[in-house]
Amino acid sequence: MTVTLRPATTDDLMAVGALHQRSRVAAYSSFLPAEALAEPTAEAMGSYWTERWSWERHDHRMTVAERDGELVGFTHLGPDDEGDPATGLLNAIHLDPAERGRGTGRELMIDALAGMRERGWRRAVLWVLAENASARRFYERGGWSLTGVEREELIGSAVTAQLRYARPL
């Protein structure tokens with residue numbers, strides 16, 4: 001069965017949170033300790049997305065991917081976090097772990113980039129964990145390049161290095 005993309009609704013947000021938690025654990029467990037990934041819980045992530053969406057939905061876009069009526073991925077994009085009006089930020093792209101390698105991530109990325117172009121942005125940026133080699137390969141195959149900008153963020157109690165990638169739209 002093929003995957004279907006559609007705009008997210010508030011009814012999707014608890015499921016988005018649960019998927020986000022599953023995706024994080026699967027993607028980061030090879031380099032982050034289990035205790036760092038234990039929180040937030042799937043329910044807490046759903047509450048996080050519900051709250052975040054309540055104040056971002058006017059200038060952000062969330063797209064969900066469904067296969068056989070089940071949520072299998074999502075993207076969340078919005079304005080650049082550094083204030084560049086010509087740049088859009090891909091805040092999140094997450095897949096259910098069972099969905100990896102099925103082309104859904106590529107479809108979500110194509111859709112997100114088109115959404116950024118529709119908003120008039122000429123450049124796209126994102127942040128990725130430095131140790132997430134699989135995600136970095138995915139982005140690089142999609143035309144993204146390192147910008148040289150780095151930051152550190154907490155995931156649970158673990159300090160993580162993040163790298164900024166960019167690509168033209």
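Here, the structure is the one placed above.
Remember, predicted model here, so these are calculated numbers, not experimental data.

Criteria and cut-off values
Residues numbered from 1 in each chain as written. Predicted model: local features only at pLDDT ≥ 70, side-chain atom pairs only at ≥ 80, totals over all residues. Heavy atoms only, no water. Helix = DSSP H or I, 4+ residues; strand = E, 2+ residues; numbered from the N terminus. Rg over C-alpha atoms; globule rule 2.2 N^0.38 Å. Buried < 20%, exposed > 50% of the residue type's maximum accessible area, 1.4 Å probe, protein only. Salt bridge = Lys/Arg side-chain N within 4 Å of Asp/Glu carboxyl O. Phe/Tyr/Trp six-rings, centres within 6.5 Å; stacked < 30°, edge-to-face > 60°. Expected span 1.5 Å × (residues − 1). Arc of directions from axis to C-beta. Contact = heavy atoms within 4.5 Å.

Here's the deal with the overall build of the chain
Piece 1. Scanning the chain from terminus to terminus reveals 5 helices and 7 strands.
Piece 2. Reading the chain from its N terminus to its C terminus gives the helix and strand order β-α-α-α-β-β-β-α-β-α-β-β.
Piece 3. Relative to the globule expectation of 15 Å for 169 residues, the C-alpha radius of gyration of the chain, 15 Å, shows essentially globular dimensions.
Piece 4. C-alpha extents for the chain along the principal axes are approximately 35 × 35 × 35 Å.
Piece 5. In the chain, which comprises 169 residues, the proportion classed as buried is 47%.

Some words on the pattern of salt bridges
Piece 1. A full pass over the atoms with the stated rule returns 12 salt bridges.
Piece 2. The partner of Arg52 in a salt bridge is Glu56, with the nearest N and O atoms 2.8 Å apart. With Arg52 and Glu56 both in helix α3 (residues 42–56) and 4 residues apart, the pair spans about one turn of that helix.
Piece 3. Judged by relative accessible area, Arg52 falls into the buried class, the value being 14%.
Piece 4. Residue Glu56 is classed as buried on the basis of its relative accessible area of 7%.

A closer look at the packing of aromatic side chains
Piece 1. According to the stated counting rule, one finds 6 aromatic pairs in the structure shown.
Piece 2. Between Phe138 and Tyr139 the ring centres are 5.4 Å apart and the planes differ by 65°, which places this aromatic pair in the edge-to-face class.
Piece 3. Accessibility expressed as a relative area gives 23% for Phe138, which makes it partly exposed.
Piece 4. A ring pair is formed by Tyr139 and Tyr165, whose centres lie 6.4 Å apart and whose planes are at 50°; its orientation type is tilted.

Focus: α3
At 3.6 residues per turn, the α-helix brings residues three or four places apart onto the same side.
Piece 1. Its 15 residues place the ends of α3 21 Å apart at the C-alpha level, agreeing with the 21 Å of an ideal helix rising 1.5 Å per residue.
Piece 2. Buried residues of α3: Met45, Gly46, Trp49, Arg52, Trp53 and Glu56, and no others. Burial along α3 is one-sided: seen end-on, the buried residues are contained in an arc of 130°.
Piece 3. Looking at the buried residues of α3, the elements they touch are α1 (13–28), β2 (61–67), β3 (70–79) and β4 (87–95).

Focus on unusual backbone geometry
Piece 1. At the junction of Glu39 and Pro40, the peptide bond is cis and its omega measures out at -5° in the coordinates.
Piece 2. Of note, Pro40 is situated in the loop between α2 (34–38) and α3.
Piece 3. Non-glycine residue Asp68 carries a positive phi angle of around 55°.
Piece 4. Secondary-structure assignment places Asp68 in the loop between β2 and β3.
Piece 5. Its relative accessible area of 57% is what places Asp68 among the exposed residues.

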